[in-house]
Amino acid sequence: MAQNGVTENGACGGAPAPALPRPADVQGIAHTKIFIDNEWRTSCAGRTFPTLNPATGVKICDVQEADEEDVDKAVEAAKAAVQRGSPWRRMDASSRGRLLHKLADLIERDRLLLATLETLDTGKPFLQSFFIDMDGSIKTLRYYAGWTDKIHGKSLPVDESFMCLTKHEPVGVCGAIIPWNFPLLMFMWKIAPALSCGNTVVIKPAEQTPLTALHIGSLIKEAGFPPGVVNIVPGFGTTAGAAIAGHMGIDKVAFTGSTEVGQLIKEAAAKSNLKRVTLELGGKNPCIVFADCDLQLAVEETQKGAFYNQGQCCTAASRVFVEESIHEEFVRCSIEKAKKIVIGDPLDPQTSQGPQIDRQQFDKIMDLIESGKKEGARLEYGGVAVGEKSLFIQPTIFSGVKDHMRIAKEEIFGPVQCIFSFKTQQEAIERANCSQYGLVSAAFTTSLDRALSVSAALETGTVWINCYNALHAQTPFGGYKMSGNGRELGEYALAEYSEVKTVTIKLSETM
Amino acid sequence: MLRAALFSRTLPGLSRLSTNLYSSLAIPAPSCRPEVQFNQLFINNQWQDAASGKTFPTINPATGEVICQVAEADEADVDKAVKAARDAFRFGSPWRRMDASHRGLLLHRLADAIERDTAYLAELETLDNGKPYAVSYAVDVPHVVKCLRYYAGWADKWEGKTIPIDGDYFCYTRHEPIGVCGQIIPWNFPLLMQAWKLGPALATGNTVVMKVAEQTPLTALYVASLIKEVGFPEGVVNILPGMGPSAGAAIARHMDVDKLAFTGSTEVGHLIQQASGNSNLKKVTLELGGKSPNIILSDANMEDAVEQSHFALFFNQGQCCCAGSRTYVQEEVYDEFLERSVERAKRRVVGNPFDLNTEQGPQVDQEQFNKILGYISSGKREGAKLMCGGGAAADRGYFIQPTVFGDVQDDMTIAREEIFGPVMQILKFKSLEEVVTRANDSKYGLAAAVFTKDIDKANYVSNGLRAGTVWINCYDVFGAQAPFGGYKASGNGRELGEYGLDNYTEVKTVTIKVPQKNS
């Protein structure tokens, strides 16, 4: 996910990337408490929860566990911070932009520590944390920093003797619930547009990966955001998350996670105060590989799509439809390529695949792999865990997958590539669209006509042509169908964090 | 100019302030003799002498003394600079291949470097231009920084569109840079006009050949050194000090300059537009003169209207294209307004621009000084009532007393022509309809203002005025976010805001045949 800028565009255009240093020597975790009103608080209930290093299973530290009462306090702080007349509301829009830039500067300064924490807490390879997650986070902040004073209302030529203006105002207190697969990046996708538009935020990081979010709390304070503008409540979905979704004092909630929980969030919003809801949910994303494609490129990109971040991406390329005439060759090349994946200690710069996030995910993935075997898909590579009690899974390739199989329908969220064969373009499109999901898709072809036809026909929020996971702060991202509501990133995301006010003024008719 | 933004930045919560409060801000004591580090042409990120070897003196208007000699660009140097800019713009060049967001980063770094050197740049600006140091420091430089940061943000947000045209086609637009942009800037806000030009041109990916005014070349050249320091590729920005009829004309008629932006007099604006027509039809944007009406209705807050109107005219020694140089006052309050305006003008502190209490420094040069005194004579001759001032304000340097004329009539020279000096014209009117008609009876249409508490009157006047900017109960409020430019002979196009990007963009429509279109 998120080959944001540097990695994709090469040295010529992008900012020169720093060389990869050794991971930071983390001695004790500085920030493990709840962050409310720019202060560190302990849980009202006095509870903590452990966060584990998935590469070793060893506890990193205990973190204060937010529950309903803590969420109430956070909402109170966020509400006060967004009151009319508050420093945050009176601040020049351009000054909000300066604060977001400052936060980006601080992340750049603490990049090594943040990347190390991210790897310790998620198990993702340090190389990826350091370059992709950090760059994506910094760029997202800088992009939205630039928007603050460019969110224009309009003056409208209405009928009759009136003057009519629109003004884009913040929605108010925004709840955000984010997942564990890209903890820091998802944090930024949420807070950057929210703050750009002048909202305040109560954000719950995932219980698996609270550490980088809490470090950001300290940077938010250091950057000079007024108290209460960003509040961070580490905790569990069923308690703190549910409290946010159902809160009467929260005006909008943004959630990234499973479709199942997305449905609960929307329900909770409807049952409470009809808060605005944006959802970024699951996917079962089709890639269509045509015989006229650049085969090496297609193999590389689809595999990156399937295995990147241990397969733990909502954008994972989990259904690869390959045209019959090149199917065999494609499978062979994919196996060759998978063999080169280096599984190991995520802090080692040679490692390209780390462990899955936790035991629950691990078991779910292994169960789906078993189902694939049982339902008759051909296991071409992998299919087993690495080592005895660890959370590492071998990159796994199935061919001959049929549309009705569980591995063809359910989101696996693990390093499992499913390869299908197809005969005609029409057939491939129909099968690709036959899913409750509609997040992303890709097509590999050198034909201009085909590229345009297929990209028009696929029912997904993003279509990549001859590339994969090409995400940028400038481009909107979100799902058709049950993959979500609304869009994040790009200018489009600003609409999700703004209320539009129409001001109509009667003009004198006697003058 | 630009006062409201300054005050809200430095003194939150205070809405009404007299200008001498500048001195209470945290402004460091200036050096009156900042060292000049750069006095050559800046081409291809290199410093060089003029091809002809010629130089010209730049003068301190507060003393009339020469500060230093500066290399004088002429046609041969313009050719060289255009070639460098063309090369930097070639398809596949580092500048063309650069991520838009990285162009934004470079502009941010330039803003950071300028902010770092605020005190030095403000000293140099005051030395070369004569404007009070407190203003250079607290108004000009901060607005430069804000303008660059604003456009830095646009670099990766200047989006084309996809368009649902009829038929089986897929259609989209790309916003591409125009190419080599010539930019000719004036001496009244040397640093700020440079930023207004560079910000949108560079955010959109153009390359620039800029001629700076011969009266005030020094700060622009220092900024050139910062452009190099922060890492803009060679040839992206080229800066040439020189004269209008030689270097300026060479840019205006150059066959390989794709666009020209000029800020200055309407007279020269005509020449620029003609030169474009006579050469390659380069795109032209013009920011020219004004004779901006400032209308005081009888229900206005009098104290505020007097102070704002004083500021509207006298700010920057009256050397503003948008100066409120026709102050129309409703008859019921005319006498009171005139009396209080005269009293305010008499209190205006004229003197050494490096003194933090100074509100008004010298005019920029002998020519302007003479021209203004000539206008004052014409005002007296044509029967306007000289209420205060009217002459030189010091034995040396180009200082002029704050001058107020009452009972000015619309047909007088001082009511029609741009004076560009500290000379205020106060005129009387009766009805709203009358004043809007009189205010619009000008070849200019740059800015205008109205002071009233009545919502209907505010709407009537602001909708009726033919001017690119209308201020209501304020004056000279500028933000990088809001467009600025002229109706009529005050200019073509708009600078600042999103609108400013249009002037630096070619729109390319790409239409692709597709097998079958769907909504």
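All figures in this text were calculated on a predicted structure; none of them were measured in a lab.

What's the story with the overall build of chain B in this structure? I'm lost.
When helices and strands are counted, chain B shows 17 helices and 22 strands. Here the C-alpha atoms of chain B give a radius of gyration of 23 Å, agreeing with the 24 Å that 2.2 N^0.38 yields for 519 residues. Taking the principal axes of its C-alpha atoms as reference, chain B extends roughly 75 × 60 × 45 Å. Counting over 519 residues, chain B shows a buried share of 61%. The long-range fraction of contacts in chain B, counting pairs at least 24 apart against all pairs at least 6 apart in sequence, stands at 75%. When the accessible surface of chain B is totalled, it reaches about 18,900 Å², and 48% of it is carbon and sulfur. Between the averaged position of the 52 positive side-chain charges in chain B and that of its 60 negative side-chain charges there is a distance of 3 Å.

For this particular structure, what's the right way to read a negative patch on the surface?
Residue and element names in this part refer to chain A. Side chains of E68, E69, D72 and E76 sit close together on the surface and give a patch of like negative charge. Inspection of the secondary structure puts E76 in helix α2 (residues 68-81). Classification of E76 by relative accessible area gives exposed; the value is 59%.

How should the domain arrangement of chain A be read in this particular structure?
Residue and element names in this part refer to chain A. Each domain of chain A was delimited in the assignment, giving domain 1 (34-281) and domain 2 (285-473). The distance between the C-alpha centroids of domain 1 and domain 2 comes to 31 Å. Opposite the 28 residues of domain 1 that make contact, domain 2 presents 25 residues. In total, about 2,000 Å² of surface goes out of reach between domain 1 and domain 2, with carbon and sulfur atoms giving 64% of it. When the buried area of domain 1 at its contact with domain 2 is split by residue, P54, P125 and W180 rank highest and sum to 25% of it. Linking domain 1 with domain 2 are 5 residue pairs in polar contact (both at pLDDT 80 or more). For the side of domain 1 that touches domain 2, the leading source of residues is helix α6 (residues 126-147), giving 9 residues. Grouping the amino acids of the side of domain 1 that touches domain 2 by side-chain chemistry returns 13 nonpolar, 10 polar and 5 charged.

Got a minute to help me understand the UniProt feature "domain: Aldehyde dehydrogenase" (unreviewed entry) in chain A in this structure?
UniProt annotation of "domain: Aldehyde dehydrogenase" (unreviewed entry) refers to residues 40-503 of chain A when read in the numbering used here. Structurally, residues 40-503 of chain A comprises 41% helix and 20% strand, and the distance from its first C-alpha atom to its last is 41 Å.

In this structure, what is going on with the packing of aromatic side chains? I would like to understand it.
How two aromatic rings sit relative to each other is set out by the distance from centre to centre and by the angle between their planes. One pass over the full model with this rule turns up 33 aromatic pairs over all chains. Plain terms: the ring middles of F369 of chain B and Y398 of chain B are 6.2 Å apart, the flat faces sit at 50° to each other, and that makes the pair tilted. Of this pair, F369 of chain B sits in helix α13 (residues 366-381) while Y398 of chain B sits in the loop between β14 (385-388) and β15 (403-406); the two residues are 29 residues apart in sequence, bridging distant segments of the chain. Side by side, F369 of chain B and Y398 of chain B carry an identical accessibility label, which is buried. Ring-pair connections join several aromatic residues into one group, and the members of that group are Y143, Y144 and W147 of chain A together with Y150, Y151 and W154 of chain B. The cationic tip of K506 of chain A hangs over the ring face of F162 of chain A; the distance from NZ or CZ to the ring centre is 5.1 Å. Over the ring of Y169 of chain B we find K513 of chain B, and its NZ or CZ is 5.3 Å from the ring centre.

Quick question: what am I supposed to make of the pattern of salt bridges here?
Pairs can form between side chains of opposite charge once their charged atoms are near each other. All names here are of chain A. Under the criterion given, the structure shown has 52 salt bridges over all chains. Measuring nitrogen to oxygen at the nearest pair gives 3.3 Å for the salt bridge that ties R378 to E380. Look at R378 and you get partly exposed, because its relative accessible area is 48%. Where K506 meets E509, a salt bridge forms, and the shortest distance between an N and an O atom there is 2.6 Å. According to the relative accessible area criterion, K506 is partly exposed, its value standing at 40%.

Sorry if this is basic, but what is going on with the UniProt feature "active site" (unreviewed entry) in chain A here?
All names here are of chain A. Residues given the UniProt feature "active site" (unreviewed entry) here are E280. Relative to the helices and strands, E280 resides in strand β11 (residues 276-280). Take E280: its relative accessible area is 3%, and that puts it in the buried class. Residue contacts for E280: discarding those within four places in its chain leaves F255, T256, G257, L439, F477, G478, G479, S483 and E488.

Would you mind showing me how to read the interface of chain B and chain A here?
Note on interface size: it is often stated as the accessible area lost on association of the parts. If you look at the interface, chain B gives 33 residues, while chain A gives 31 residues. Buried area between chain B and chain A, both sides added, is near 2,600 Å², and the carbon and sulfur share of it is 57%. Inspection of the chain B/chain A interface yields 0 salt bridges. Run the count over chain B and chain A and you get 6 residue pairs in polar contact (both at pLDDT 80 or more). Counting residues per element, the ones that place at least two in the side of chain B that touches chain A are α3 (94-97), α4 (100-116), α6 (133-154), α16 (455-464) and β22 (505-513) of chain B.

Where do I start with the nonpolar core in this structure?
Burial of nonpolar side chains together is a common tendency in soluble globular proteins. Judged by nonpolar contacts, the single largest core of 198 residues is most densely connected at I107, F187 and F225 of chain A together with I114 and F232 of chain B. Looking at this core element by element, the count peaks at 14 residues for α6 of chain B. Look past the residues within four positions of F232 of chain B in its chain and what remains in contact with it is N45, W95, L106, L107, L110, L202 and I227 of chain B. Counting residues in each nonpolar core, the second largest holds 28 residues, with A384, V408, M412 and L427 of chain B among its members.

Just to check I follow, could you spell out the sheet that holds strand β18 (residues 447-451) of chain B for this structure?
Hydrogen bonds along the backbone pair up the strands of a sheet, which may run parallel or antiparallel. All names here are of chain B. Spatially, the 7 strands line up as an open sheet ordered β14-β15-β16-β13-β12-β18-β19, and their pairing is mixed. With one partner strand each, in any of the chains shown, β14 and β19 (469-472) form the two edges of the open sheet. In this sheet, adjacent strand axes meet at a mean angle of 20° when their direction is disregarded. In the sheet, β18 pairs with β19 via 4 bridges, with the strands oriented parallel. Counterpart to V450 in the pairing with β19 is I472. Helix α12 (residues 331-347) rests against β12 (293-296), β13 (326-330), β14, β15 and β16 (423-429) of the sheet, and its axis sits at about 170° to β16. Running over the sheet, helix α15 (residues 432-440) touches β12, β13 and β16 and is turned about 145° from β16.

What is the right way to read the packing of helix α11 (residues 295-307) of chain A against helix α12 (residues 324-338) of chain A from this model?
Working note: a packed helix pair is described by the angle between its axes plus the distance between those axes. Residue and element names in this part refer to chain A. Packing of α11 against α12 leaves a shortest axis separation of 10 Å and a crossing angle of 55°. Classed by the angle they form, the pair α11 and α12 counts as oblique. Our pair here, α11 against α12, has a crossing hand that is right-handed. Side by side, α11 and α12 meet where L295, Q296, A298, V299, E300, T302, Q303 and F307 of the first sit next to I326, E329, F330, C333, S334, K337 and A338 of the second. Of the residues belonging to the contact of α11 with α12, the class tally is 8 nonpolar, 4 polar and 3 charged.

Even after reading the chapter, I still don't get the state of the cysteines, so can you show me in this structure?
Linking two cysteines covalently through their sulfur atoms gives a disulfide. Residue and element names in this part refer to chain A. Scanning the model with the defined rule gives 0 disulfides over all chains in all. C287 forms no disulfide, and the closest cysteine sulfur to it belongs to C467, at a distance of 10 Å. Of all cysteine sulfurs, the one in C293 lies closest to C333, which takes part in no disulfide; the gap is 10 Å.

Got a minute to help me understand the UniProt feature "domain: Aldehyde dehydrogenase" (unreviewed entry) in chain B in this structure?
The sites that UniProt annotates as "domain: Aldehyde dehydrogenase" (unreviewed entry) are residues 47-510 of chain B. For the annotated span residues 47-510 of chain B, helix accounts for 41% and strand for 21% of the residues, and the straight-line distance between the end C-alpha atoms is 41 Å.

Whenever I open this one, the sheet that holds strand β22 (residues 498-506) of chain A confuses me. Can you help?
Residue and element names in this part refer to chain A. Spatially, β5-β6-β22 is the arrangement adopted by the 3 strands of the open sheet, whose pairing is antiparallel. Strands at the two margins of the open sheet, each flanked by one partner only, are β5 (155-156) and β22. Where strand β6 (residues 162-170) lies against β22, 9 bridges are found, and the strand directions are antiparallel. Bridged to K167 within β22 is K501.

So what exactly am I meant to see when it comes to helix α11 (residues 302-314) of chain B here?
In an α-helix, one turn spans 3.6 residues, which is why side chains three or four residues apart end up on the same side. Residues and elements named next belong to chain B. Here α11 contains 13 residues, and its C-alpha end-to-end distance of 18 Å stays within 8% of the 18 Å for a straight helix at 1.5 Å per residue. All of the buried residues along α11 are M302, D304, A305, V306, E307, Q308, S309, H310, F311, A312, L313 and F314. Of the residues that open α11, the one with a side-chain oxygen 3.2 Å from the backbone nitrogen of E303 is N301. With its phi angle positive at about 60°, N316 sits one or two positions after the end of α11.

Explain the domain arrangement of chain B here, please?
All names here are of chain B. As assigned here, chain B comprises domain 1 (41-288) and domain 2 (293-479). Between domain 1 and domain 2, the contact holds 27 residues from the first and 27 residues from the second. Between domain 1 and domain 2 lies a buried interface of about 2,100 Å² when both sides are counted; carbon and sulfur atoms form 65% of it. Broken down residue by residue, the surface that domain 1 buries against domain 2 is led by P61, P132 and W187, which jointly contribute 24%. Joining domain 1 to domain 2, the criterion identifies 1 salt bridge.

Thresholds, definitions, all that
Residues numbered from 1 in each chain as written. Chains lettered and ligands numbered in written order. Predicted model: local features only at pLDDT ≥ 70, side-chain atom pairs only at ≥ 80, totals over all residues. Heavy atoms only, no water. Helix = DSSP H or I, 4+ residues; strand = E, 2+ residues; numbered from the N terminus. Rg over C-alpha atoms; globule rule 2.2 N^0.38 Å. Buried < 20%, exposed > 50% of the residue type's maximum accessible area, 1.4 Å probe, protein only. Contact = heavy atoms within 4.5 Å. Areas by Shrake-Rupley, 256 points an atom, 1.4 Å probe, with all protein chains shown as cover. Lys, Arg positive; Asp, Glu negative; His and termini not counted. Charge placed at Lys NZ, Arg CZ, Asp CG, Glu CD. Patch = residues over 30% accessible without salt bridge, like charges linked within 9 Å, V, L, I, M, F, W, Y side chains within 5 Å. Salt bridge = Lys/Arg side-chain N within 4 Å of Asp/Glu carboxyl O. Domains from an automatic or database assignment. Buried area = accessible area lost by both parts, 1.4 Å probe. Polar contact = N/O pair within 3.5 Å; in protein donor to acceptor, adjacent residues only side chain to side chain. Nonpolar A, V, L, I, M, F, W, Y, C, P; charged D, E, K, R; others polar. UniProt positions renumbered as here; feature names shortened; annotations may be inferred. Phe/Tyr/Trp six-rings, centres within 6.5 Å; stacked < 30°, edge-to-face > 60°. Lys NZ or Arg CZ within 6 Å of the ring centre and 35° of its normal. Core = buried A, V, L, I, M, F, W, Y, C linked by side-chain atoms within 4.5 Å. Pairing = 2+ DSSP bridges. Axes fitted to C-alpha atoms, helices over the stretch in contact; angles between N-to-C directions. Parallel < 35°, antiparallel > 145°, perpendicular 65-115°, else oblique. Left-handed = near helix turned anticlockwise from the far one by under 90°. Disulfide = S-S within 2.5 Å. Expected span 1.5 Å × (residues − 1).

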